Number of protein chains: 2
Amino acid sequence: MLTQETVVQNFTSKEARIAELLDYMHEIQDLKALGDLAEWDQNTAMPEGAAEVRGYQMATLQGILHERWTNPRLGILLNELSEVVKGSDYTDTDRGLVREAQRNFDRATKLPRNLVEEIARVQAGSFEAWRRAREHNDFDSFAPWLSRTVALQREVADRIGFAETRYDALLDYFEPGMTASKLDKLFAPVREVSVTLLQRIQSSGSTVDDSCLQGDFSEGRQMELCKVLLRGMGYDFSRGGIAISPHPYTSDFGSPFDVRVTVHPHRHFIQSLVMAAIHEGGHAVYEQGSAPALARTPIAGGASMGVHESQSRLWENAIGRSEAYWLGQYGAVREAFPEQFASVDAATFARALNKVQPSLIRIEADEVTYNLHIIVRFELEKELINGDIAIETLPGLWNAKYREYLGVEPATDSQGVLQDIHWSSGFGYFPSYTLGNLYAAQIYSALRRAFPNFDERLATGNTTFILDWLCEKMYAFGAIYQPEPLMKLVTGAAPNAEYFVRYLTSKFEAIYGLSKYS
Amino acid sequence: MLTQETVVQNFTSKEARIAELLDYMHEIQDLKALGDLAEWDQNTAMPEGAAEVRGYQMATLQGILHERWTNPRLGILLNELSEVVKGSDYTDTDRGLVREAQRNFDRATKLPRNLVEEIARVQAGSFEAWRRAREHNDFDSFAPWLSRTVALQREVADRIGFAETRYDALLDYFEPGMTASKLDKLFAPVREVSVTLLQRIQSSGSTVDDSCLQGDFSEGRQMELCKVLLRGMGYDFSRGGIAISPHPYTSDFGSPFDVRVTVHPHRHFIQSLVMAAIHEGGHAVYEQGSAPALARTPIAGGASMGVHESQSRLWENAIGRSEAYWLGQYGAVREAFPEQFASVDAATFARALNKVQPSLIRIEADEVTYNLHIIVRFELEKELINGDIAIETLPGLWNAKYREYLGVEPATDSQGVLQDIHWSSGFGYFPSYTLGNLYAAQIYSALRRAFPNFDERLATGNTTFILDWLCEKMYAFGAIYQPEPLMKLVTGAAPNAEYFVRYLTSKFEAIYGLSKYS
């Protein structure tokens, strides 16, 4: 009798604890979704005159979210759950939920409200200072803001805590479980293969002609094309939508039920829109694939920034820049712009999307050089945060690294150290981009193993088999698992740069006709 | 010394109390704005698949707003302020702020959360039942929902409290200070003049030709025209925006800094868009005219539903259906649709917008018959709430009143008692429409007194003098004053139906060439 009663009581207690945690999470995620929606509105529709009042509204919401995340009762509940959740009567979903709740609770309680507010204020000022500095090529005017941001980020790291370096604490926010020393190991072969491949391409004398991507492309038709491409990837418009914003991005207001993308058409260069559509589509199908049961919790959606970026890049680069993909989808491009593409075939179009050219600007970079841009930033920001370099030496160090890795050197800081918005708000995000490329190559390899006739199927125009596999193996889990265990689950191996090295080498050896021994 | 100290202390205490009240109000209004933005998104962009999750998000926000409005410390503060705010060291703005905060606090504390939630649930079910009932012309299936809504609204009235009848408690929510017996007096001459004018027009043999309003009008050009008309009214797009939704409406997300309108173009009938643009523009310039210092408080924006409707109708009907207005604005219509309007002059266009024709459907009604639709609903809903009639007798009573007042009778309940959405959510709103018409005529009369050459100035195409006058005399005050004192301030007289009676009579005597003695 006693045993039976205990079992019943434990069972009830488990159910009750998870239900209580879910109540907290639902409320928080509902509020967060409304904030994300307001940010979406800011990027797509809000009139400029509303900027100040919207700032107040967002600050109020952040205040309430902070209040919710630091609720002492939530802390007690998480403490009660921390041990028992390891037991067999709890599921992986329960464990993921408790882990993510704990991460957010810790961060909220470790960072005092006045620090968070100070960071928000400095971000706002720093953003404006960065905008003006870039416009006027004036690094010196931005330097004091950057100094202040570095100091605040160091304080964040100290309060959050870390095992090896301060930078690890910042990294962990975007990529749970990641450290600078793990990144050093992962990125070394990436830097090597990128530099080597670039030299081999440049000395090969072989070229890629991308002139077919230049022309006159009406905005309306570009937007129509965008919709066709997104539908072709399996993006579900009944749980989504598309809008125009200054920079393309994806946002959700309750995954998987409301996931929307933005793009930004350029009148004379079709590549921007096409690749942005597939890139954002990758982020979006990942969110839409999250299991409905996870909705309104912090484990709905993506596992990390790096894993998220892996899906945008898997779709954009591995799939969306392949000839097989365009054999299946090129009809939409031709239909949208018949005159431009009447005498261009799918293979020529796909080849044009893969032109390699070292440049100064990250967001214009091709697949071979992209990660070099990231590695420059990673190396510098790591040293900045760990206190190894001084702010005023940054432009010189930046330029030297560009010369060394990419063989080009910025004539101005606006084209160099001032080009990205990121450092006006914080540090630790850039590595996500290259991690995304590594994860993408590894997942792409698993995908191709699962479907030996991958290219043939892709060339039919039906991508359902890819999305179905990704949903089942990966997307449905949301953030139940952190990046490393998730990669093991999906690909059978821990994150490893060799997949990317092989992918990049074989792809560009083929495109540029490089001899394997050159 | 003591006196001086006391003064200082009182002063500090006043400042501190108002500052504390403002802190509460700012937070509440910021959250409310985010909710209104989410509703806007629902009407303009949200995918259908997001309906359920958005429902949760809105419910969460409502819960927090309810928690904020019932904060006991807010009650204590309002209690402290209730007497002292009458003193001369407080301003009318302070008094308006305390009054509106008190109204909201009272309502939130008097209506228990379970009642509010029950109302929300019944509304959702009732809306669906209404939609189906209207589609299938099946009043009986809607009757039980209507019964339940009546019962809940009676309970609301009992809890809120009232002096004369339950209906007064519901009215007061939309129109502070209004009662059914005041409405009876205000509406009697409106009913009489409407019925009489309609009979005079019908027996005059005179007609208005509105065939120029029918044609083929592309959506894109209608939207462009809409923007030109709104700009012409002084609507500020740097604090606004326009979108398409199933039903036109205006919403603010922090007046006066973010006030947006929606319209709904009809391909073959230009009148819908043109009049909706000016109507919503009237609501919007009212909100945009609210003093910036009132932002983020419950006294930013309009004084009541009736006063709000007065501004949409002043602009739409008194101004926007006048020949003088179109002499100034018609160029935009011609430019948008040159072929359609090449051989139509401004006077013909303006005259077409004033065709009188008794119809069954309120939202299609002209100025002469519109208020009869409202009076039918007012008379019936007053009796429903006060318990004088049974639900099942409603269709018969509705049809009888239409026959008596308008001389037409619905063949089906879908065209009759089931036509409006309003009764699926509550009662007491309909009178706002006719009150708006009365207020509008009274304000229009004051405007014309202020500018003896009103028509000449309007005909030049510059409407700035109108908007400036309205902003200075009325809009800037937001909801500092309740409707009756506000009307006295703006027009020098309490609300009075005689202005409307004179306006309607002289306008339609002229249009239909009625003899004053017919």
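No experiment lies behind these values; they were computed from the predicted model shown.

**Considering the overall build of chain A**
If you tally the helices and strands in chain A, you get 21 helices and 3 strands. Here the C-alpha radius of gyration of chain A, 24 Å, is about what a compact globule of 518 residues would show, namely 24 Å. Projecting the C-alpha coordinates of chain A onto the three principal axes gives extents of approximately 80 × 55 × 50 Å. Taking all 518 residues of chain A together, 55% fall into the buried category. Of the contacts formed within chain A by residues at least 6 apart in sequence, a portion of 74% connects residues at least 24 apart. Roughly 21400 Å² of accessible area belongs to chain A as shown, and the carbon and sulfur atoms make up 52% of that amount. If you average the places of the 50 positive and of the 68 negative side-chain charges in chain A, the two averages end up 2 Å apart.

**Considering the pairing of strand 3 (residues 259–263) of chain A**
Residues and elements named next belong to chain A. Across the 5 residues that make up strand 3, a large majority, 5, are buried. A two-sided burial pattern is seen for strand 3, the buried positions comprising Val-259, Val-261 and Val-263 on one face and Arg-260 and Thr-262 on the other. Two strands pair when backbone bridges link them, and strand 1 (residues 240–244) and strand 3 are joined in this way by 5 bridges, in the parallel orientation. The residue of strand 3 that forms the bridge with Ile-244 is Val-263. Sheet analysis places strand 2 (residues 250–252) next to strand 3, joined by 3 bridges and oriented antiparallel. By the bridge assignment for strand 3, Thr-250 is matched with Val-261.

**A closer look at the relation of the copies chain B and chain A**
Between chain B and chain A, the superposition needs a rotation of 180 degrees and an axial shift of 0.0 Å, giving an RMSD of 0.0 Å. Here the two chains are linked by the operation of a two-fold rotation axis. Looking at the rotation axis and the C-alpha trace of chain B, the residue lying nearest is Leu34(B), at 3.4 Å. Both copies share a contact surface, since 100% of the interface residues of chain B are interface residues in chain A too.

**Some points on the interface of chain B and chain A**
Taken together, the contact between chain B and chain A spans 33 residues of the former and 33 residues of the latter. Between chain B and chain A, the buried area comes to about 2700 Å², and carbon and sulfur atoms account for 63% of it. A per-residue breakdown of the area chain B buries against chain A is headed by Leu34(B), Pro47(B) and Gln57(B), which together make up 20% of the total. At the junction of chain B and chain A, the tally comes to 6 salt bridges. Among the salt bridges present, the one from Glu67(A) reaches Arg68(B), with a minimum N-O distance of 3.1 Å.

**Thoughts on the packing of aromatic side chains**
With the rule as written, the count across this model stands at 58 aromatic pairs over all chains. Ring geometry for Phe127(A) against Trp130(A): centres 5.9 Å apart, planes inclined by 40 degrees, an arrangement best described as tilted. Here Phe127(A) pairs with Trp130(A), and both are found in helix 5 (residues 113–136), just 3 residues apart, close to one helical turn. Summarising the aromatic geometry, the rings of Trp326(B) and Phe349(B) are spaced 4.8 Å apart at their centres and angled 80 degrees between planes, so their arrangement reads as edge-to-face.

**Describing the nonpolar core**
Within the largest apolar cluster, 342 residues are counted, with the highest numbers of intra-cluster contacts made by Trp326(A) and Trp326(B). Setting aside residues up to four positions removed in sequence, Trp326(A) forms contacts with Leu229(A), Val274(A), Ile278(A), Gly320(A), Arg321(A), Val333(A), Ala346(A), Phe349(A), Ala350(A) and Leu353(A).

**Some details on unusual backbone geometry**
Along the chain, Ser255(A) connects to Pro256(A) via a cis peptide bond; the corresponding omega equals 0 degrees. Its location among the elements puts Pro256(A) in the loop between strand 2 and strand 3. Despite not being glycine, Asn137(A) has its phi angle at roughly 50 degrees, a positive value. Of note, Asn137(A) is situated in the loop between helix 5 and helix 6 (139–160). Judged by relative accessible area, Asn137(A) falls into the partly exposed class, the value being 35%. A positive phi angle is found at Arg296(B), which is not glycine, with a value near 65 degrees. Tracing the backbone shows Arg296(B) in the loop between helix 10 (270–288) and helix 11 (305–319). You can call Arg296(B) buried: its relative accessible area is 15%.

**Overview of the pattern of salt bridges**
Scanning the entire structure with this criterion turns up 88 salt bridges over all chains. Between Asp258(A) and Arg54(B) there is a salt bridge, and its shortest N-O distance comes to 3.5 Å. Within this pair, whereas Asp258(A) is found in the loop between strand 2 and strand 3, its partner Arg54(B) is found in helix 2 (residues 51–69), the two belonging to separate chains. Neither residue differs from the other here; Asp258(A) and Arg54(B) are each classed as buried. For the salt bridge of Arg448(B) with Asp455(B), the shortest nitrogen-to-oxygen distance reads 3.0 Å. Classification of Asp455(B) by relative accessible area gives partly exposed; the value is 30%.

**Details of helix 8 (residues 180–204) of chain B**
Residue and element names in this part refer to chain B. Over its 25 residues, helix 8 extends 35 Å from the first C-alpha to the last, a length consistent with the 36 Å expected when each residue adds 1.5 Å. Phe-187 marks where helix 8 bends most, by close to 30 degrees; the proline Pro-189 follows one to four residues later. When we look at burial in helix 8, the residues that qualify are Ala-180, Leu-183, Leu-186, Phe-187, Val-190, Val-193, Ser-194, Val-195, Leu-197, Leu-198, Arg-200 and Ile-201. Those residues of helix 8 hidden inside the fold are in contact with helix 7 (166–174), helix 15 (367–385), helix 16 (394–406), helix 17 (431–450) and helix 21 (498–511). The first or second residue beyond helix 8 is Gly-205, which carries a positive phi of 80 degrees.

**Some thoughts on the sheet that holds strand 3 of chain A**
By definition, the strands of a sheet pair up through backbone hydrogen bonds, in either a parallel or an antiparallel sense. Residues and elements named next belong to chain A. One open sheet holds the 3 strands; their spatial order is 1-3-2, and the pairing between them is mixed. Pairing within the sheet leaves two strands with one partner each, and these edge strands are strand 1 and strand 2. Each neighbouring strand pair of the sheet contributes to a mean axis angle of 20 degrees, computed without reference to strand direction. Contacting strand 1, strand 2 and strand 3, helix 10 (residues 270–288) runs over the sheet at an angle of about 170 degrees to strand 3.

**So, helix 2 of chain B**
Its 19 residues give helix 2 of chain B an end-to-end C-alpha distance of 26 Å, which sits within 8% of 27 Å, the value for a rise of 1.5 Å per residue. Among all positions in helix 2 of chain B, only Val53(B), Arg54(B), Gln57(B), Met58(B), Thr60(B), Leu61(B), Gly63(B), Ile64(B), Leu65(B), His66(B), Arg68(B) and Trp69(B) are buried.

**Some remarks on the sheet that holds strand 1 (residues 240–244) of chain B**
Residues and elements named next belong to chain B. As summarised here, the arrangement of the 3 strands in space is 1-3-2, forming an open sheet in which the pairing is mixed. Whereas interior strands pair on both sides, the edge strands pair on one side only; in this sheet they are strand 1 and strand 2 (250–252). Ignoring strand direction, the axes of neighbouring strands in this sheet form an average angle of 20 degrees.

**Quick word on the environment of Glu309(A)**
All names here are of chain A. Considering the arrangement of structural elements, one finds Glu-309 in helix 11 (residues 305–319). For Glu-309, a relative accessible area of 4% gives the class buried. Taking the C-alpha atoms as reference, Glu-309 lies 8.4 Å from Thr-434; in sequence the two are 125 residues apart. Setting aside anything within four residues of it in sequence, one finds Glu-309 in contact with His-279, His-283, Tyr-429, Ser-432, Tyr-433 and Gly-436. At 3.4 Å, the side chain of Glu-309 forms a polar contact with the side chain of His-279.

About the criteria used
- Residues numbered from 1 in each chain as written.
- Chains lettered and ligands numbered in written order.
- Predicted model: local features only at pLDDT ≥ 70, side-chain atom pairs only at ≥ 80, totals over all residues.
- Heavy atoms only, no water.
- Helix = DSSP H or I, 4+ residues; strand = E, 2+ residues; numbered from the N terminus.
- Rg over C-alpha atoms; globule rule 2.2 N^0.38 Å.
- Buried < 20%, exposed > 50% of the residue type's maximum accessible area, 1.4 Å probe, protein only.
- Contact = heavy atoms within 4.5 Å.
- Areas by Shrake-Rupley, 256 points an atom, 1.4 Å probe, with all protein chains shown as cover.
- Lys, Arg positive; Asp, Glu negative; His and termini not counted.
- Charge placed at Lys NZ, Arg CZ, Asp CG, Glu CD.
- Pairing = 2+ DSSP bridges.
- Least-squares fit on C-alpha atoms with pLDDT ≥ 70 in both.
- Buried area = accessible area lost by both parts, 1.4 Å probe.
- Salt bridge = Lys/Arg side-chain N within 4 Å of Asp/Glu carboxyl O.
- Phe/Tyr/Trp six-rings, centres within 6.5 Å; stacked < 30°, edge-to-face > 60°.
- Core = buried A, V, L, I, M, F, W, Y, C linked by side-chain atoms within 4.5 Å.
- Expected span 1.5 Å × (residues − 1).
- Bend = angle between axes of the 7 residues up to and from the residue.
- Axes fitted to C-alpha atoms, helices over the stretch in contact; angles between N-to-C directions.
- Polar contact = N/O pair within 3.5 Å; in protein donor to acceptor, adjacent residues only side chain to side chain.

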